[in-house]
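An overview of the molecular structure
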Amino acid sequence: MAAEALDSNHPAHDFFLERSRHLEQAYVRSIAMEIEAGRSTIIGMLGLALKTLPIGTAYAVWTGIGAVGTAILGIMLFGDPAGFARIACIGLIIAGIVGLKLVT
């Protein structure tokens, strides 16, 4: 009986396929809204930082954090190589971010 439901000619196939398309569209819309909310929050926080930091420092810190975060997620989630030199460079970026903040 379950094998019949998997058959693309089965009447229930079209019914459930249509329902799954609606769920997929709602899921994609939900993710897009969350991403946009995150972007708005991050841009707002950058605006707040610009009230006390020079724009060069604020932008360097902002992009540095993004670069480090992307590199770490690439290593953890997508299997990017995590050799000594790569980790050392990530550490140098972090040191640069901290150094810029300390001298500003």
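1. Considerations on the pattern of salt bridges
Here the structure, examined in full by the defined rule, presents 2 salt bridges. Residues Glu36 and Arg39 are paired through a salt bridge, measuring 3.7 Å at the closest nitrogen-oxygen approach. One end of the pair, Glu36, and the other, Arg39, are both in helix α2 (residues 11-49), 3 residues apart, so they sit about a helical turn from each other. A salt bridge links Asp80 to Arg86; the nearest nitrogen and oxygen atoms lie 3.7 Å apart.

2. Some points on the packing of helix α3 (residues 55-78) against helix α4 (residues 84-103)
Interhelical geometry of α3 versus α4 gives an angle of 155° and a closest axis separation of 9 Å. Regarding the angle of α3 to α4, the classification is roughly antiparallel. α4 is crossed by α3, and the crossing has left-handed handedness. Judged by residue contacts, Thr57, Ala60, Val61, Gly64, Ile65, Val68, Ala71 and Ile75 of α3 engage Arg86, Ile87, Ile90, Ile93, Ile94, Ile97 and Leu100 from α4. Residues belonging to the contact of α3 with α4 are distributed by class as follows: 12 nonpolar, 2 polar and 1 charged.

3. Some points on the confidence of the model for the chain
Note: predicted coordinates in regions of low pLDDT should not be interpreted at a detailed level. Mean pLDDT over the chain works out to 82, with 78% of the residues at or above the 70 mark. Put simply, helix α1 (residues 2-6) is where the chain has its lowest mean pLDDT, 49, and α4 is where it has its highest, 93. When the criterion is pLDDT under 50, residues 1-5 qualifies, and its contacts beyond four places in sequence or with other chains add up to 2 contacts.

4. Here's the deal with the environment of Trp62
Counting through the fold element by element, Trp62 comes out in helix α3. On the basis of relative accessibility, which here comes to 33%, the residue Trp62 falls in the partly exposed class. Each C-alpha atom of the pair Trp62 and Ile43 lies 9.8 Å from the other, and the pair is 19 residues apart in sequence. Residue contacts for Trp62: discarding those within four places in its chain leaves Ile42, Ile43 and Leu46.

Each value, and the rule that gives it
- Residues numbered from 1 in each chain as written.
- Predicted model: local features only at pLDDT ≥ 70, side-chain atom pairs only at ≥ 80, totals over all residues.
- Heavy atoms only, no water.
- Salt bridge = Lys/Arg side-chain N within 4 Å of Asp/Glu carboxyl O.
- Helix = DSSP H or I, 4+ residues; strand = E, 2+ residues; numbered from the N terminus.
- Axes fitted to C-alpha atoms, helices over the stretch in contact; angles between N-to-C directions.
- Parallel < 35°, antiparallel > 145°, perpendicular 65-115°, else oblique.
- Left-handed = near helix turned anticlockwise from the far one by under 90°.
- Contact = heavy atoms within 4.5 Å.
- Nonpolar A, V, L, I, M, F, W, Y, C, P; charged D, E, K, R; others polar.
- pLDDT = per-residue confidence, 0-100.
- Buried < 20%, exposed > 50% of the residue type's maximum accessible area, 1.4 Å probe, protein only.

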